[in-house]
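# Observations on the three-dimensional arrangement
One letter stands for each residue in the lines below.
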Amino acid sequence: MIWTIIVGILAGFIASKLMKHEGSGCLIDLLLGLVGGWLGGHVLEWLNISWGGTIGEIGTAVIGAVILLWLWSIVKK
């Protein structure tokens, strides 16, 4: 459970920096990373891509979080 929270915060932070989404805070980064992990896992499964290990978990969550931020930027316009 604690590891999931750490990965979520880290992935949300990385995705926020990649998408230049500033001022979110730790809680938003956590939620972004957790939902991003779920979304990224499904996207990579659809593409038949499988990553293993800690780097794979973080990478999957970052991909999902970037997709979420991209969709959010479209909705805000």
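Coordinates for the structure precede this section.
Description of the structure in this document.

The rules we used
Residues numbered from 1 in each chain as written. Predicted model: local features only at pLDDT ≥ 70, side-chain atom pairs only at ≥ 80, totals over all residues. Heavy atoms only, no water. Helix = DSSP H or I, 4+ residues; strand = E, 2+ residues; numbered from the N terminus. Buried < 20%, exposed > 50% of the residue type's maximum accessible area, 1.4 Å probe, protein only. Lys, Arg positive; Asp, Glu negative; His and termini not counted. Salt bridge = Lys/Arg side-chain N within 4 Å of Asp/Glu carboxyl O. Polar contact = N/O pair within 3.5 Å; in protein donor to acceptor, adjacent residues only side chain to side chain. Axes fitted to C-alpha atoms, helices over the stretch in contact; angles between N-to-C directions. Parallel < 35°, antiparallel > 145°, perpendicular 65-115°, else oblique. Contact = heavy atoms within 4.5 Å. Nonpolar A, V, L, I, M, F, W, Y, C, P; charged D, E, K, R; others polar. Expected span 1.5 Å × (residues − 1). Patch = residues over 30% accessible without salt bridge, like charges linked within 9 Å, V, L, I, M, F, W, Y side chains within 5 Å. Areas by Shrake-Rupley, 256 points an atom, 1.4 Å probe, with all protein chains shown as cover.

### Quick notes on the side chain of Asp29
Mapped onto the fold, Asp29 is located in helix α2 (residues 26–46). One buried charge, Asp29, has no salt-bridge partner; the nearest side chain with opposite charge is Lys17, at 7.7 Å. Looking at Asp29, its side chain comes within polar contact range of the side chain of Ser16, at 3.1 Å.

### Notes on the packing of α2 against helix α3 (residues 53–76)
Remark: α2 packs on α3, axes separated minimally by 6 Å, with the N-to-C direction vectors making an angle of 100°. Comparing their axes, α3 and α2 come out roughly perpendicular. The residues of α3 that touch α2, namely those facing Leu32, Gly33, Val35, Gly36, Gly37, Leu39, Gly40, Gly41, Val43 and Leu44, are Thr60, Ala61, Ile63, Gly64, Ala65, Ile67, Leu68 and Leu69. Here the contact of α2 with α3 is composed, by residue class, of 11 nonpolar, 7 polar and no charged.

### A look at α3
Note on helix geometry: an α-helix contains 3.6 residues per turn, so any two residues three or four positions apart are oriented the same way. Between its first and last C-alpha, α3 extends 35 Å over 24 residues, near the 34 Å set by a 1.5 Å rise per residue. On the buried face of α3, the contacting elements are α1 (2–18) and α2.

### Some thoughts on a nonpolar patch on the surface
Taken together, the side chains of Leu10, Phe13, Ile14, Leu18, Met19, Trp70, Leu71 and Ile74 make up a nonpolar region of the molecular surface, amounting to roughly 710 Å² of accessible area. For the nonpolar patch, the secondary structure elements donating two or more residues are α1 and α3. No other element matches α1, which puts 4 residues into the nonpolar patch. Within the secondary structure layout, Leu71 lies in helix α3.

### Some details on the environment of Val7
Mapped onto the fold, Val7 is located in helix α1. Residue class for Val7 comes out buried when judged on its relative accessible area of 9%. Along the backbone, Val7 and Asn48 are 41 residues apart, and their C-alpha atoms lie at a distance of 22 Å. Residues in contact with Val7, not counting those within four places in the same chain, are Glu57 and Ile58.

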